[in-house]
Protein chains: 2
Amino acid sequence: MSALRHERASRTQPDDPTTATRILDEAERLAQTRGFNGLSYADVAAVVGTSKAALHYHFSTKADLGRALIERYTERFFTALDEIEASDAAAPERLQRYVRLYADVLKQDRLCLCGMLAAEYTTLPDPMRGALRVFFDRNEVWLTDLLEAGRRAGTLRFDGPARDSARALMAVLEGAMLLARAYGDTKHFDAAAAYLIREVTAAG
Amino acid sequence: MSALRHERASRTQPDDPTTATRILDEAERLAQTRGFNGLSYADVAAVVGTSKAALHYHFSTKADLGRALIERYTERFFTALDEIEASDAAAPERLQRYVRLYADVLKQDRLCLCGMLAAEYTTLPDPMRGALRVFFDRNEVWLTDLLEAGRRAGTLRFDGPARDSARALMAVLEGAMLLARAYGDTKHFDAAAAYLIREVTAAG
DNA sequence: GTCTATAACGAGATAGAC
DNA sequence: GTCTATCTCGTTATAGAC
């Protein structure tokens, strides 16, 4: 028992839902609602029930915390994309499930973490900027592959390079979240998403 | 001469390009690049060449400054839209000119002021929130009217309510600016905008 | 691993002279 | 209308006890 506890304590990033994880959870929530600059160690510590100093033990600087946030978010997001990959759904259904990932975030009154951080881009420390672009690059690749497969199969329809459509798709999703939240009305998002899916889904 | 100077001094908001205007100019630039929360009185004062206290004379609180920023931006934006209205261009051409308004902002390495503020929405003082929604509401109305006119004339093509397409259009423009700036590459924006215009423009 | 205490700085805002 | 000076508060970050 005490041996086990000691083993946990000796790790810098425990994988059971302890302090570090709860810090990330609350920091993520705040970053998605108020932005990274609108997030303070004091806010996080208050909810987690610890002290500002304890936070600095786990994430020595705010830039470290921010980078960890993006990396965890990215991993979780692409785990969800892997599940879509693993299914036998056709391209339009996969696209809808992709859109639903964004819609689920918005339903929690949050923005996409990386969309929010993109707005704050010029004020972010360098390691965070790099991690952000990794997220968007991987999204672009995933979507581009999906669009090309759908076009080959005749289930998706669009003109021009698939990559351009992938970028437009990401843009409309990020932008629609932004506007929907300002209106406190997820229907703004749903309407924009439905429009995009309709445009890209082959008739019949 | 001294009478003239006195007349100017007696106004709270002079309409010649003096201090208040220069404050707004620089505050706007900072808000569009770093965000409203990333903008400080000290930053603005340094560029304008005055003091923080002088700023407080013109805009007693930061919320006042913010509201003034949005209102001036909105007026300027709709002045540009009025010019498009006044032209005899067809709907597709008008839409392209609308998109160009956004592209021009991005070329200055800025985001749409209101798109940026939408990301910071939850942290904004109430008067600013109201002013923001006025901007988006008026945009939605203007675009909806344009889309409906184009569909009637047979020059634009889209399914469903024009308002939904208007919202999707705004979303993709705001989102594409966000992503393009993170990549430091306006081509990201141009590709997304071109995709949207292509989808909505009637063939032939 | 977490605490108290505090350093060091920058923010928005105010007072009062000129 | 603008200045200097200052106040108060919140921020990130650190030191050192336990």
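Because the structure is a prediction, the values reported are computed rather than measured.

## Brief notes about the pattern of salt bridges
Residues and elements named next belong to chain A. Applying the stated criterion across every chain, the model contains 24 salt bridges over all chains. Among the ionic pairs, R72 bridges to E28, the shortest N-O distance being 3.6 Å. With R72 in helix α5 (residues 62-86) and E28 in helix α2 (residues 19-34), this pair connects stretches of sequence that are 44 residues apart. Within this structure, D25, E28, R72, R76 and R110 form a network of salt bridges that share partners.

## Some thoughts on the domain arrangement of chain A
Residues and elements named next belong to chain A. Examined at the domain level, chain A breaks down into domain 1 (1-60) and domain 2 (67-204). Spacing between the C-alpha centres of domain 1 and domain 2 amounts to 28 Å. Across the boundary between the two partners, domain 1 contributes 15 residues, which contact 18 residues of domain 2. For the pair domain 1 and domain 2, the summed buried area comes to about 1300 Å², and 55% of that belongs to carbon and sulfur atoms. Linking domain 1 to domain 2 there are 4 salt bridges. We note a salt bridge from R72 to D25, for which the minimum N-O separation is 2.9 Å. Summed over the shared surface of domain 1 and domain 2, the number is 8 residue pairs in polar contact (both at pLDDT 80 or more). Considered class by class, the residues forming the side of domain 1 that touches domain 2 number 5 nonpolar, 6 polar and 4 charged.

## Focus on the nonpolar core
Ranked by size, the top nonpolar core spans 146 residues in total, and within it F189 of chain A together with F189 of chain B carry the most contacts. Residues in contact with F189 of chain B, not counting those within four places in the same chain, are V99, Y102, A103, L106, L173, A176, M177 and A180 of chain B.

## As for the interface of chain B and chain A
Chain B puts 40 residues into the contact, and the matching count from chain A is 39 residues. Carbon and sulfur atoms make up 63% of the surface buried where chain B meets chain A, a total of about 3800 Å² over both sides. On the chain B side of the contact with chain A, L179, Y183 and Y195 of chain B bury the most area, a combined 17% of that side's loss. Taken together, the links from chain B to chain A amount to 0 salt bridges. The interface formed by chain B and chain A holds 18 residue pairs in polar contact (both at pLDDT 80 or more) in total. Mapped by element, the contributors of at least two residues to the side of chain B that touches chain A are α2 (19-34), α7 (113-119), α8 (126-153), α9 (162-183) and α10 (186-200) of chain B.

## Let's talk about the side chain of E174 of chain A
Relative to the assigned elements, E174 of chain A resides in helix α9 (residues 162-183). Although E174 of chain A is buried, it makes no salt bridge; R181 of chain A carries the closest opposite charge, 11 Å away.

## Description of the packing of aromatic side chains
In total, this model carries 20 aromatic pairs over all chains according to the counting rule given. Centre to centre, the rings of Y98 of chain A and Y102 of chain A are 5.3 Å apart; their planes meet at 55 degrees, and the pair counts as tilted. Note that Y98 of chain A and Y102 of chain A are positioned in helix α6 (residues 91-107) at a spacing of 4 residues, about one turn of the helix. What makes Y98 of chain A buried here is its relative accessible area of 0%. Centre to centre, the rings of F78 of chain B and F135 of chain B are 6.3 Å apart; their planes meet at 75 degrees, and the pair counts as edge-to-face. Highlighted residues: F78 of chain B in helix α5 (residues 62-86) and F135 of chain B in helix α8, separated in sequence by 57 residues. For the pair formed by F78 of chain B and F135 of chain B, the shared burial category is buried. The ring of Y121 of chain A has R129 of chain A sitting right over it, with the charged end atom 5.1 Å from the ring centre. Here R138 of chain A stacks its cationic end above the ring of F78 of chain A, 4.0 Å away from the centre of that ring.

## Some thoughts on the confidence of the model for chain A
On average, residues of chain A score 90 in pLDDT, and 91% of them are at 70 or above. In this model residues 1-16 of chain A is a low-confidence stretch, pLDDT under 50, and it forms 6 contacts with partners more than four residues away in sequence or in other chains.

## Looking at the relation of the copies chain B and chain A
Of the two same-sequence chains, chain B is brought onto chain A (RMSD 0.0 Å, axial shift 0.0 Å) by a rotation of 180 degrees. Such a combination of rotation and displacement between the chain copies is what one expects of a two-fold axis. Mapped onto chain A, 98% of the interface residues of chain B again fall at the interface, so both copies present the same surface.

## So, the state of the cysteines
Overall, the coordinates contain 0 disulfides over all chains when judged by the stated rule. The structure places no disulfide on C114 of chain A, whose sulfur is separated from the nearest cysteine sulfur, that of C112 of chain A, by 5.0 Å.

## As for α6 of chain A
Residues and elements named next belong to chain A. Along its 17 residues, α6 runs 24 Å from first to last C-alpha, staying within 8% of the 24 Å computed at 1.5 Å per residue. Restricting attention to buried positions, one finds in α6 the residues A91, P92, R94, L95, Y98, V99, Y102, A103, V105 and L106. For α6, the elements touching its buried residues are α2, α5, α8 (126-153), α9 and α10 (186-200). Looking one or two places after α6, you find D109, whose phi comes out positive at around 60 degrees.

## Digging into unusual backbone geometry
The phi angle at D109 of chain A is positive, at roughly 60 degrees, despite the residue not being glycine. You can see D109 of chain A is positioned in the loop between α6 and α7 (113-119).

## Here we look at the environment of A20 of chain B
Of note, A20 of chain B is situated in helix α2. Distance from A20 of chain B to S51 of chain B, taken between C-alpha atoms, is 13 Å for residues 31 residues apart in sequence.

Basis of the calculations
- Residues numbered from 1 in each chain as written.
- Chains lettered and ligands numbered in written order.
- Predicted model: local features only at pLDDT ≥ 70, side-chain atom pairs only at ≥ 80, totals over all residues.
- Heavy atoms only, no water.
- Salt bridge = Lys/Arg side-chain N within 4 Å of Asp/Glu carboxyl O.
- Helix = DSSP H or I, 4+ residues; strand = E, 2+ residues; numbered from the N terminus.
- Domains from an automatic or database assignment.
- Contact = heavy atoms within 4.5 Å.
- Buried area = accessible area lost by both parts, 1.4 Å probe.
- Polar contact = N/O pair within 3.5 Å; in protein donor to acceptor, adjacent residues only side chain to side chain.
- Nonpolar A, V, L, I, M, F, W, Y, C, P; charged D, E, K, R; others polar.
- Core = buried A, V, L, I, M, F, W, Y, C linked by side-chain atoms within 4.5 Å.
- Buried < 20%, exposed > 50% of the residue type's maximum accessible area, 1.4 Å probe, protein only.
- Lys, Arg positive; Asp, Glu negative; His and termini not counted.
- Phe/Tyr/Trp six-rings, centres within 6.5 Å; stacked < 30°, edge-to-face > 60°.
- Lys NZ or Arg CZ within 6 Å of the ring centre and 35° of its normal.
- pLDDT = per-residue confidence, 0-100.
- Least-squares fit on C-alpha atoms with pLDDT ≥ 70 in both.
- Disulfide = S-S within 2.5 Å.
- Expected span 1.5 Å × (residues − 1).

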